[in-house]
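Here's the letter readout for the chains.
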Amino acid sequence: MKNNIRKIALGLCLTGALTACDLDVVPPADIAAENFWQTEKDAWYALNTCYSTLDGVDIWDELCTDNAHSHKPWEGNFEMVQQNGISTANGYGSYYFGTVRVVNNFIANVDKCAVSDELKTRMKAEARFFRALSYLDLTTKFGKVPVITDVLAYDAPNVKRDEVETVRKFILDELAEIAEILPDSYNGSYMYETGRITRAGALALRARAALYFGNYAEAESSAGKIISEGHHSLFRVSSLTTAQQKEANEMDAYIDYAAKGIDKDKFVKGMFSYESLWHKGNASPANPEYIVTREYMADANNYDWTRYTYFIPKSFSQYDGYCSYEPMQDLIDAYWDVDGKTMRNDITMEQRKERYAEIWKDFKDMSQSQFIEKVPQTDIMKYDYMKEFRNRDSRLYVSMMFPFKGWHETVKGTFYFRWDPDLINKDGNESWTGYFYRKMVTLDPYDTWTAEEDYPVIRYAEVLLTYAEARIQNSGWDTEVQKALNDLRDRCGMPDVPTSMPSKEEALAFVRNERRIELAAEGFYEDAIDLLGEGLCMFPFDEKLRGSRGRKYIGAFNYMASIADLSLATRLNPNDWEHWYYMGVAAYLGGKYELAKDCHKNSRELMIKYNIEAIPATVDWYWMACMKLGQKDEAEKVLENVYEGMPSEDGDYLARTLLYKGIYKPENFVEEHMCTGLSEERTRIYYLMLSYGLANYHHYLGNQEEAVKICQMIAAIPDHHNLFAYAQAKQNLKEWGAE
């Protein structure tokens, strides 16, 4: 079908009036539709117009999240989205019914053409796919929208919006119907060109929509049919090119294969299996991973303008580079350790800056050519900065370019990323985050600045992730979930996923992070965030909603998800002490003690600034984090912020911190410092909070037997399992081997 894309122009001319920004347009006077809808070729042209509405790269929604950033305001109204400013009236959000009208026009008129009834039915089903896709985009962004299946008159009155449930039902019903009409494949002849929408395409979009709508039974069913019917699979390479092998050899410095139990051959082939699915020769409907494909070609009327110049810095480009879309540190941090299940302990921004300054001073005076010559001759792993990139998920190395990383398969040959932090806020065509995208970037740019490779709008990897997430919702973490995810892991050369999960919530957090990694830069991360809350579906950057949900995740023991929400909340409003406080709590309970300490440091400063009477609470967590890190001097210093009789809304935390400080004694501590006049339930909570403080005290004083005894008492309570004291006691007993 690719060779026919240029012929879409005629179809566009004949339906040009249908692609305006809204439904209220003036008809052009020079189109005689009655002379057009007659032949089979007319039907072919008109259906091609429907295909021309299919977008390719869709990274823009991710630029509104903590995955990615654009430092160029003219690239889009991303800040408006972050501030809940989108509406049907502004430029972001695609409140656009052009596709709907093009499809409705096709369905209304194709019966006039000299085409067999069977072929007409199939062609209508193809067109209906694009209408369903358009409505999915509309309802996920705007909720209620009008469902229109007729060609409205140009002077028709405004159409009332339908309820969200009506729109969702329409989408799912449409896709279910057309999945029963469309074939599994096409033979490549005229009217049966490869690249057309198939049954699997309809089912894949239906699975995506059902997952977004929270209809997990239908999501699992539709994705499961694609898996069981076996027409698609993940792309894999069996050998490496010379350039790939050169990079594979350099990976010895990044991965401790023997120590980590990693098969090197499988790991490096996994890297390039993941990367190569986007590149020329593999990027086509013939790729078994491609389910729905946006086709491009080396032609001035049908190239992809995004996947070279806009993704890369000028220093990397053959001709020009804009670095318009940059990965954020949060995305880099999301990539697993090479064990496939561990998240790295956080490094603070200041630590990262100091470490980079140390390595950069030895290279900053070099030109790019000198840098490329020097890096492979240097043991760069001796620098602390590079340790952050050792032993990580294979997909990191072929998705993101980080400083000093080599890439040998480029149009310029060998390249090592020389990142100059002094160019931040000075050179808009270089990276300002320290990273740039490698994933999807063409290796052979067309006309020096664009891409001609096809793009998988829906690929089989997404289907596996959708199936896994929906099945967790329906049945929990079982062997079928593991089988789907291990297919992805096997392709990228990573270890299998865990055989068990502590809870459904942690299983969901795990698969969503796997989705974030696998589908990075493909435009799904904002959608994944939206899955977690109806309010956030409508207001994805409402910091109060984000903070509220982050706190609720703590009670569900889903600390990774809590940190994700609260981290974004602190970016949206860095002056809200509660966001910092609860992110610090989640980080501590999740074992991220450096992050916990930094959060409670910020929380304490804001409490002091705004005269918040909750300082003992944040000091308590700050002290515990320091003690976990072995930083006793800083722990003692933070206790200077508390004193006997200070105003505090948290008497239990005040008593605990004064115990740590030595003002109160451990003998009869709980009994002497119980608060009177509380309800029965609150009295019990107070008792447990004081008890845990006493256990903490005994642990750090070396009275381990007493500490274990108290924690076992707390862990045995039949209720209040969302209490921080309960979570901490359980955590300590696990660490001490005393469960």
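### Overview of the overall build of the chain
- On a plain count of helices and strands, the chain comes out with 32 helices and 8 strands.
- Every one of the 739 residues in the chain was classed for burial, and the buried ones make up 57%.
- A total accessible area of about 29,900 Å² is found for the chain, and carbon and sulfur atoms account for 48% of it.

### Examining helix H26 (residues 615-628)
- Here H26 spans 20 Å end to end across 14 residues, near enough to the 20 Å set by a 1.5 Å rise per residue.
- Counting buried residues along H26, 13 of its 14 residues qualify, which places the element largely inside the surrounding structure.
- Looking at the residues trailing H26, positive phi occurs at Gly630, about 75°.

### Section: unusual backbone geometry
- At Asn425, a residue that is not glycine, the phi angle is positive and equals roughly 65°.
- In this structure, Asn611 is a non-glycine residue whose phi angle is positive, near 55°.
- Turning to its location among the elements, Asn611 is positioned in the loop between helix H25 (593-609) and H26.
- Residue classification places Asn611 among the exposed positions, given a relative accessible area of 62%.

### Topic: the nonpolar core
- With 156 residues, the main nonpolar core has Tyr135, Tyr254, Phe267 and Met386 as its most contacted residues.
- With 12 residues, helix H5 (residues 117-142) is the single largest residue contributor to this core.
- When sequence neighbours within four positions are dropped, the list of residues in contact with Tyr135 reads Phe97, Val100, Val145, Pro146, Val147, Ile148, Val167, Phe170 and Ile171.
- Listed in part, the 68 residues of the second largest apolar core include Ala625, Tyr686, Ile717 and Ala729.

### Examining the side chain of Glu62
- Along the chain, Glu62 turns up in the loop between helix H2 (40-51) and strand E1 (68-69).
- A distance of 3.1 Å separates a polar atom in the side chain of Glu62 from the backbone nitrogen of Ala521.
- Of the polar contacts made by the side chain of Glu62, one reaches the backbone nitrogen of Gly523; its length is 2.9 Å.

### Thoughts on the confidence of the model for the chain
- The predicted model of the chain has a mean per-residue pLDDT of 88, with 89% of residues at 70 or higher.
- The low-confidence segment residues 3-31, where pLDDT is below 50, has 47 contacts with residues more than four positions distant or belonging to other chains.
- In this model, residues 528-535 is a region of pLDDT below 50 whose contacts with residues beyond four sequence positions or in other chains number 16 contacts.

### Observations concerning the environment of Gly201
- Within the element layout of this structure, Gly201 appears in helix H7 (residues 199-213).
- In this structure, the C-alpha to C-alpha distance between Gly201 and Val457, residues 256 residues apart in sequence, is 9.8 Å.
- If we ignore the near neighbours within four places in the chain, the residues touching Gly201 are Phe129, Ile291, Val292 and Ile458.

### Here's the deal with the packing of helix H23 (residues 559-572) against helix H24 (residues 577-589)
- Contact geometry of H23 with H24 gives a least axis separation of 9 Å together with a crossing angle of 155°. Overall, the two elements H23 and H24 adopt an arrangement that is roughly antiparallel. Between H23 and H24 lies a crossing whose hand is left-handed. On H24, the residues that touch Tyr559, Ser562, Ile563, Leu566, Ser567, Ala569 and Thr570 of H23 are His579, Trp580, Tyr582, Met583, Ala586, Ala587 and Leu589.

### Structural notes on the pattern of salt bridges
- A complete count under the given rule lists 51 salt bridges for this structure.
- Between Glu469 and Arg515 there is a salt bridge whose closest N-O contact spans 3.7 Å. Placement of the pair is Glu469 in helix H17 (residues 460-475) and Arg515 in helix H19 (residues 504-518), with a sequence separation of 46 residues.
- Under the relative-accessibility criterion, Arg515 is labelled buried at 3%.
- For Lys597, the salt bridge identified is with Glu634, shortest N-O distance 3.3 Å. Residue Lys597 is found in helix H25, and its partner Glu634 is found in helix H27 (residues 632-638); the two are separated by 37 residues along the sequence.
- On the basis of relative accessible area, Lys597 is assigned to the buried category, the value being 10%.

Cut-offs used in this document
- Residues numbered from 1 in each chain as written.
- Predicted model: local features only at pLDDT ≥ 70, side-chain atom pairs only at ≥ 80, totals over all residues.
- Heavy atoms only, no water.
- Helix = DSSP H or I, 4+ residues; strand = E, 2+ residues; numbered from the N terminus.
- Buried < 20%, exposed > 50% of the residue type's maximum accessible area, 1.4 Å probe, protein only.
- Areas by Shrake-Rupley, 256 points an atom, 1.4 Å probe, with all protein chains shown as cover.
- Expected span 1.5 Å × (residues − 1).
- Core = buried A, V, L, I, M, F, W, Y, C linked by side-chain atoms within 4.5 Å.
- Contact = heavy atoms within 4.5 Å.
- Polar contact = N/O pair within 3.5 Å; in protein donor to acceptor, adjacent residues only side chain to side chain.
- pLDDT = per-residue confidence, 0-100.
- Axes fitted to C-alpha atoms, helices over the stretch in contact; angles between N-to-C directions.
- Parallel < 35°, antiparallel > 145°, perpendicular 65-115°, else oblique.
- Left-handed = near helix turned anticlockwise from the far one by under 90°.
- Salt bridge = Lys/Arg side-chain N within 4 Å of Asp/Glu carboxyl O.

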